[in-house]
Amino acid sequence: MIDIARNFHGVHTIKSYIDVLSMYKMNKLHLHLTDDEGWRIEIPGLEELTEIGGKRCHDPKETKCLLPFLGSGPYSNSSGSGFLTVSQYRDILTYAKMHHVEIIPEIDMPGHAHAAIKAMEARFLKHYKTDIQEATRYLLTDLKDRSEYLSIQSFKDDAINPCVKSTFNFIRKVVDAIYNMHKDIQPLKVFHFGGDEVPHSAWEKSPMCQNLPLKGNKKTAIKEMFVLKVAEILKEYGLNLAAWEDGLLNGKEPINRNFFSGVAYAYTWNNLWSLHGAKTSYVLANLGYKVIMTPATNLYFDHPYEPNPWEPGLIWANRFTTTKNVFSVIPENIYEIYEKTIDGETLMPCLDKSECPPLVKFENIEGIQGSLFGELVRKRETLDYMVLPRLLALAERSWHAAKWEYILNKTMRQKEIDKDWTDFANTVGHKEFARLDWKGFLYRLPPPGFRVVNSTLEVQLEFPGLTIEVSHDGGTHWKKSWNYGFADVNPWDDIRLRTKAPVAYRYSRIINPNIID
């Protein structure tokens, strides 16, 4: 999954990722097209979605553009602005079809919808003096709603109101547009509606919601009503429904699977013991949902590779996620994944066995997904850095169930993982990095590791086959090393180390062994 909503990445970048997916036999590209900070796909007849929701600039009232979220600056010439036209999206679909990659579009709702809400409010203001019916046709809010809430990303107005009839006019309009974009190229099979992180107090003071004759907990009843109405719209188009796991939960309990016709896909991310979420994947699979696993600890590519201030990434799910962490994920035994907290504490899995129901319906684990959310990904070089080489490990785990996945003894399993990883790392270092160089990808080059043994500076690489270079004069001059032990180097000299790419003239972060890096 690539998030182009937070920071926009255009046709060329998306096509290049279709290329690399095809190279490694990955067959789905999930495009996160909308979020609070941006709406990135043209919908004919709702031009405001891209004219306003697809642009960020300095406009406190957000009637011309969205605020400059995520440091995008006061002008609309940054990665905070941009969108795919209908023709561009269809071009991507054509390219994807040629490469046997299915595009799965996501329109995130009812939460994460600030961009859509502001765009439809601007549309309302455009028409309300001359045609109130047209002004309210696609409105996403109850104008008398006085609810106060704060989303997890600190938005006060990002929840589409399910109690407003025009909300479903809007959803049908969007689904119809995207369905028709796909129709004669790559017919749409799955529509991902997001569904995640709806603010807790949304709609509490909405008169339209208060007037609905709903039973039980009104908040959960409203959410369930929304999901079922979305499912009804998708059924009209013969589409299967997909959502992040929390979109299919009412509190901690799953929405009854029997409410949905066709296939219902749950994209499960919360395997965090600190959030009591590790069991969700298997609970949903056992209830009949088709599960795509993207555990945040191992398969969220927006987290740093290592705990170093020079490494980009968020750290809310795991302090760091190495390529080996991706390689080591066990989809059919998620309870064996450890969580590293921000302060480095390791949370041991399955201390409470009631939190660990077994996976019974193995056939409902449909696949695994690497996910790159884009809050920090402003440039193409950052996108490449965060995805590669982790994508290669994802491809390996997606297609190959290793024998060690079924070894229960942790010590023996780790020994076999290490052996398997050695083969994989050598293949990547000796062959795949060169292929990525020729393709122009700016993948992450891991810096050398080092230690001092008997006055010898010993260095090691995560991926054997790469070249280490050493400088004796603080980085002015460099020379290649054909061995990984520098016996002739005084480890307390002002030396520097770096890794060189096989083909391209690119280098890793520079390491100074005299400084704790």
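Numbers given for residues are sequential positions, taken from 1 along each chain in its written order. This being a predicted model, a pLDDT of at least 70 is required before a residue's local features are given, and a value of 80 or more before pairs of side-chain atoms are given or counted; all residues contribute to the totals for chains, interfaces and linings. As a rule here, side-chain values come from all non-hydrogen atoms in the structure, and water together with hydrogens is ignored.

Moving on, we get to the sheet that holds strand 20 (residues 496-500). Hydrogen bonds between backbone groups are what pair the strands of a sheet, and the pairing can be parallel or antiparallel. A pair of strands counts as paired when DSSP detects no fewer than two bridges linking them. Helix numbering and strand numbering both begin at the N terminus, where a helix is a DSSP run of H or I of at least 4 residues and a strand a DSSP run of E of at least 2. Reading across from one edge, 18-17-20 is the order of the three strands in this open sheet, with antiparallel pairing throughout. Each edge of the sheet is formed by a strand with only one pairing partner; in this case those strands are strand 18 (479-481) and strand 20. Here the average twist between neighbouring strands, direction ignored, is 40°. Summarising the sheet, strand 17 (residues 467-471) and strand 20 pair through five bridges and their orientation is antiparallel. To define axes, lines are fitted to C-alpha atoms, for helices over the stretch in contact only, and angles between the resulting N-to-C directions are given on a 0 to 180 degree scale.

Inspection of the secondary structure assignment puts Ser 81 in the loop between helix 2 (48-51) and helix 3 (86-98). Note on Ser 81: relative accessible area 12%, which makes it buried. Here a polar contact means two N or O atoms within 3.5 Å. Within protein one must be a hydrogen donor candidate and the other an acceptor candidate, and residues neighboring in sequence count only if both atoms are side-chain atoms. Polar side-chain contacts of Ser 81 include one of 2.9 Å to the backbone nitrogen of Arg 56. When sequence neighbours within four positions are dropped, the list of residues in contact with Ser 81 reads Phe 8, Arg 40, Gly 54, Lys 55, Arg 56 and Ser 76. Note on classification: 1.4 Å probe, protein chains only; a residue is buried when its accessible area is under 20% of the maximum for its type, exposed when over 50%, partly exposed between these limits. Here, residues are in contact when the closest pair of their heavy atoms is within 4.5 Å.

Where helix 1 (residues 11-23) meets helix 3, the closest approach of the two axes is 10 Å, and the angle between their N-to-C directions is 15°. For the element pair helix 1 / helix 3, the angle class is roughly parallel. The handedness of the crossing between helix 1 and helix 3 comes out as right-handed. Residues Val 11, Ile 14, Lys 15, Ile 18 and Asp 19 of helix 1 touch helix 3, and the partners they reach there are Gln 88, Asp 91, Ile 92, Tyr 95 and Ala 96. Residues are sorted three ways: Asp, Glu, Lys and Arg are charged, Ala, Val, Leu, Ile, Met, Phe, Trp, Tyr, Cys and Pro are nonpolar, and all the rest, Gly among them, are polar. Counted by class, the contact of helix 1 with helix 3 contains six nonpolar, one polar and three charged residues. Just so you know how the angles are binned, under 35 degrees is roughly parallel, over 145 roughly antiparallel, 65 to 115 roughly perpendicular, and the rest oblique. Crossing handedness: left-handed means the near helix sits turned counterclockwise from the far one by under a right angle, and right-handed means the same turn made clockwise.

Further remarks concern the pairing of strand 6 (residues 190-194). Most of strand 6 is tucked away, with five of its five residues classed as buried. In this sheet, strand 6 lies alongside strand 5 (residues 102-109) in parallel orientation, the contact comprising two bridges. Across the sheet, the residue bridging to Met 109 is Gly 194, located in strand 6. Here strand 6 runs beside strand 7 (residues 240-244); their pairing, made up of three bridges, is parallel. Across the sheet, Val 190 pairs through a bridge with Asn 240, a residue of strand 7.

Our focus in this paragraph is the side chain of Thr 323. Tracing the backbone through its elements, the reader meets Thr 323 in helix 11 (residues 323-327). Look at Thr 323 and you get buried, because its relative accessible area is 1%. Residue contacts for Thr 323: discarding those within four places in its chain leaves Tyr 305, Pro 389, Arg 390, Ala 393, Trp 421, Glu 462 and Phe 463.

A word on empty space enclosed by the protein. Method remark: on a 1 Å grid restricted to protein atoms, a set of points is classed as a cavity if a 1.4 Å probe fits but cannot get out and as a pocket if it is open with protein on both sides within 12 Å along at least five of seven lines; lining residues have an atom within 4 Å of a point. Grid points are joined across faces, edges and corners, and a volume is the space filled by probe spheres set on the points. One pass over the structure, following the stated rule, counts one cavity of 30 Å³ or more. What lines the largest cavity is simply Asp 302, Pro 312, Gly 313, Leu 314, Leu 372, Phe 373, Glu 375, Leu 376, Val 377, Thr 382 and Met 386. Of the residues belonging to the lining of the largest cavity, the class tally is seven nonpolar, two polar and two charged.

Here we take up the pattern of salt bridges. What makes a salt bridge here is a side-chain nitrogen of Lys or Arg within 4 Å of a carboxyl oxygen of Asp or Glu, nothing more. The tally for this structure, following the rule as stated, stands at 28 salt bridges. A salt bridge links Arg 496 to Asp 494; the nearest nitrogen and oxygen atoms lie 2.4 Å apart. Several salt bridges share partner residues, and in doing so they unite Asp 3, Arg 6, Asp 35, Glu 37 and Glu 375 into one network.

When you line up the elements, Asn 240 lands in strand 7. For Asn 240, a relative accessible area of 19% corresponds to the buried category. It is 9.1 Å that separates the C-alpha atoms of Asn 240 and Phe 260, two residues lying 20 residues apart in sequence. Here Asn 240 is in contact with Lys 189, Val 190, Phe 191, Leu 234, Gly 262, Val 263 and Tyr 265, once residues within four sequence places are set aside.

A pair of cysteine sulfur atoms is labelled a disulfide when the two atoms are within 2.5 Å. One pass over the full model with this rule turns up two disulfides. Covalently, Cys 57 is tied to Cys 65 through a disulfide, its sulfur atoms 1.8 Å apart. Taking the sign of the S-S torsion, -85° for the link of Cys 57 and Cys 65, the bridge is left-handed. Both residues of the pair, Cys 57 and Cys 65, belong to the buried class. Disulfide pairing places Cys 163 opposite Cys 209 at an S-S distance of 2.0 Å. One disulfide, between Cys 163 and Cys 209, carries an S-S torsion of 100° and so falls in the right-handed class.

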